[in-house]
Amino acid sequence: MKTILIIGIGAGNPEHITIQAVNALNRVDVFFIMDKGEAKGSMIDLRRDICARFITANRKYRFATAQSPQWDRHSGEYNAVIGGLNSDKQAVFEQMIAGEMQDGETAGVLVWGDPSLYDSTIRIMTDIAAAGRQAITYDVIPGISSLHALTAQHRTTLNTVGQPVEITTGRRLTEGGFPPRTDSVFVMLDGDETYRHFAEDDSLDIYWGAYVGTPDEILIAGRLKDVAGQIAQARAAAKKTHGWIMDSYLLRRRRQKD
Ligand SMILES: C[S@@+](CC[C@H](N)C(=O)[O-])C[C@H]1O[C@@H](n2cnc3c(N)ncnc32)[C@H](O)[C@@H]1O
């Protein structure tokens, strides 16, 4: 039997690593790394830094790297494209499990933020175990998500008292508009700056962050109407400097005065 540990590493700050994650890191023989291309090199660097920092000096471990499958970000058939991407990723993981680890060994997959939030690693390992071509068992170690990193940096809460929260993508927010039954919407995976569609709504506040938890962190908060332009400018400048951007935001409807 081979063991896979799916370890949440937090959203960019090495200090997000939990003690449970440190203990898991120290059980791993081989770390599987999916290389998404040069632009995301710093995300791979963070994974290597975390191993160097938290794995005890005399423990031996190795890395197995594979190219992450490509996908069409602009396709209208989003669910079909992501389904195809995940089967390609499953094939890559199966190859690494077959070729890069011995029976009885433990592999680690270091997942950005928390593995249960907008990440397919758990689903992929479930499918690999069910397919039965590889005899694996797997466990999940939770991590600090980008959602929690953002609310902490802005010193705010995710929900208001007794109210629900919606966590969604830019694409879904564009399609459905601001959800009627909540006052708080957390938006991730939004390359299209969907918040701008709501900039005329004077009842909304925004808590926005890019590269949260990293040395490049940028935070902007305020009335959406007042700060939407500032966010767009900061976003464009950061994208130009780094070549890529990782940002998310909380939109909150202010309570109407009676
Ligand atoms: C594929 S999802 C992965 C989410 C991750 N599993 C988590 O728990 O945060 C990637 C999205 O998370 C958000 N994100 C991740 N890390 C972030 C960070 N450090 N700062 C701002 N947003 C971040 C961005 O919206 C990005 O598009």
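Residues numbered from 1 in each chain as written. Predicted model: local features only at pLDDT ≥ 70, side-chain atom pairs only at ≥ 80, totals over all residues. Heavy atoms only, no water.

Is there a simple way to explain the environment of I97 in this structure?
Residue position: I97 is located in helix 3 (residues 78-100). Residue classification places I97 among the buried positions, given a relative accessible area of 0%. Distance in space between the C-alpha atoms of I97 and F32 is 8.9 Å, their sequence separation being 65 residues. Setting aside anything within four residues of it in sequence, one finds I97 in contact with K2, I4, F32, M125, I128, Q134 and I136. (Helix = DSSP H or I, 4+ residues; strand = E, 2+ residues; numbered from the N terminus. Buried < 20%, exposed > 50% of the residue type's maximum accessible area, 1.4 Å probe, protein only. Contact = heavy atoms within 4.5 Å.)

Before we go on, may I ask you to explain the sheet that holds strand 9 (residues 218-223) in this structure?
Two orientations exist for strands paired in a sheet by backbone hydrogen bonds: parallel and antiparallel. Pairing within the open sheet is mixed, and its five strands lie in the order 6-7-10-8-9. In the strand order of this sheet, the two ends are held by strand 6 (165-169) and strand 9, each with one partner. Strand-to-strand twist of the sheet, defined as the mean angle between neighbouring strand axes without regard to direction, takes the value 15°. Pairing between strand 8 (residues 204-210) and strand 10 (residues 247-253): seven bridges, direction antiparallel. Among the inter-strand pairings, I206 is bridged to a residue of strand 10, identified as L251. Strands in contact with helix 7 (residues 224-242) are strand 8, strand 9 and strand 10; relative to strand 9, the strand with the most contacts, it is inclined by about 160°. (Pairing = 2+ DSSP bridges. Axes fitted to C-alpha atoms, helices over the stretch in contact; angles between N-to-C directions.)

Hey, could you run me through the sheet that holds strand 4 (residues 106-111) in this one?
An order of 3-2-4-1-5 is seen for the five strands of this open sheet, with the pairing classed as parallel. Two strands bound the open sheet, and with one partner strand each, they are strand 3 (62-67) and strand 5 (136-141). Sheet twist, expressed as the average angle between the axes of neighbouring strands with direction ignored, equals 25°. Pairing geometry for strand 2 (residues 30-35) and strand 4, over three bridges, is parallel. Considered in strand 4, the bridge of F32 is made with V109. Set on the sheet, helix 3 makes contact with strand 1 (2-8), strand 2, strand 3, strand 4 and strand 5; between it and strand 2 the angle comes to about 150°. On the sheet, helix 4 (residues 121-131) packs against strand 1, strand 4 and strand 5 and is oriented at approximately 160° with respect to strand 5.

Mind showing me how you'd approach the packing of aromatic side chains here?
The way to describe two aromatic rings as a pair is by their centre distance and the angle between their planes. The tally for this structure, following the rule as stated, stands at seven aromatic pairs. Ring centres of Y195 and Y249 lie 5.4 Å apart, and the angle between their planes is 85°; this geometry places the pair in the edge-to-face category. Here Y195, found in the loop between strand 7 (184-188) and strand 8, pairs with Y249, found in strand 10; they are 54 residues apart in sequence, far enough to count as distant. Comparing Y195 with Y249 shows no difference in burial state: the two are buried. (Phe/Tyr/Trp six-rings, centres within 6.5 Å; stacked < 30°, edge-to-face > 60°.)

Would you mind showing me how to read the pattern of salt bridges here?
Any two side chains of opposite charge can pair, on the condition that their charged atoms come close. Counted under the stated rule, the structure contains 11 salt bridges. E105 is the partner of R62 in a salt bridge, and the nearest nitrogen-oxygen pair spans 2.7 Å. In this pair, R62 is assigned in strand 3 and E105 in the loop between helix 3 and strand 4, connecting sequence segments 43 residues apart. Overall, E105 belongs to the buried group, its relative accessible area being 16%. Across the pair R254 and D205 runs a salt bridge whose closest N-O atoms are separated by 2.4 Å. One end of the pair, R254, is in the segment after strand 10; the other, D205, is in strand 8, with 49 residues separating them in the sequence. Through salt bridges with shared partners, a single ionic network connects E193, R196, R235 and D247. (Salt bridge = Lys/Arg side-chain N within 4 Å of Asp/Glu carboxyl O.)

Is there a simple way to think about the domain arrangement of the protein in this case?
If you check the domain split of the protein, you get domain 1 (2-144) and domain 2 (147-253). Taken over C-alpha atoms, the centre of domain 1 sits 27 Å from the centre of domain 2. On the side of domain 2, 14 residues touch domain 1, which itself brings 16 residues to the contact. Contact between domain 1 and domain 2 buries roughly 1,100 Å² in total, counting both sides, with carbon and sulfur atoms accounting for 67%. The interface formed by domain 1 and domain 2 contains zero salt bridges. Linking domain 1 to domain 2 there are zero residue pairs in polar contact (both at pLDDT 80 or more). Partitioning the side of domain 1 that touches domain 2 into residue classes produces eight nonpolar, six polar and two charged. (Domains from an automatic or database assignment. Buried area = accessible area lost by both parts, 1.4 Å probe. Polar contact = N/O pair within 3.5 Å; in protein donor to acceptor, adjacent residues only side chain to side chain. Nonpolar A, V, L, I, M, F, W, Y, C, P; charged D, E, K, R; others polar.)

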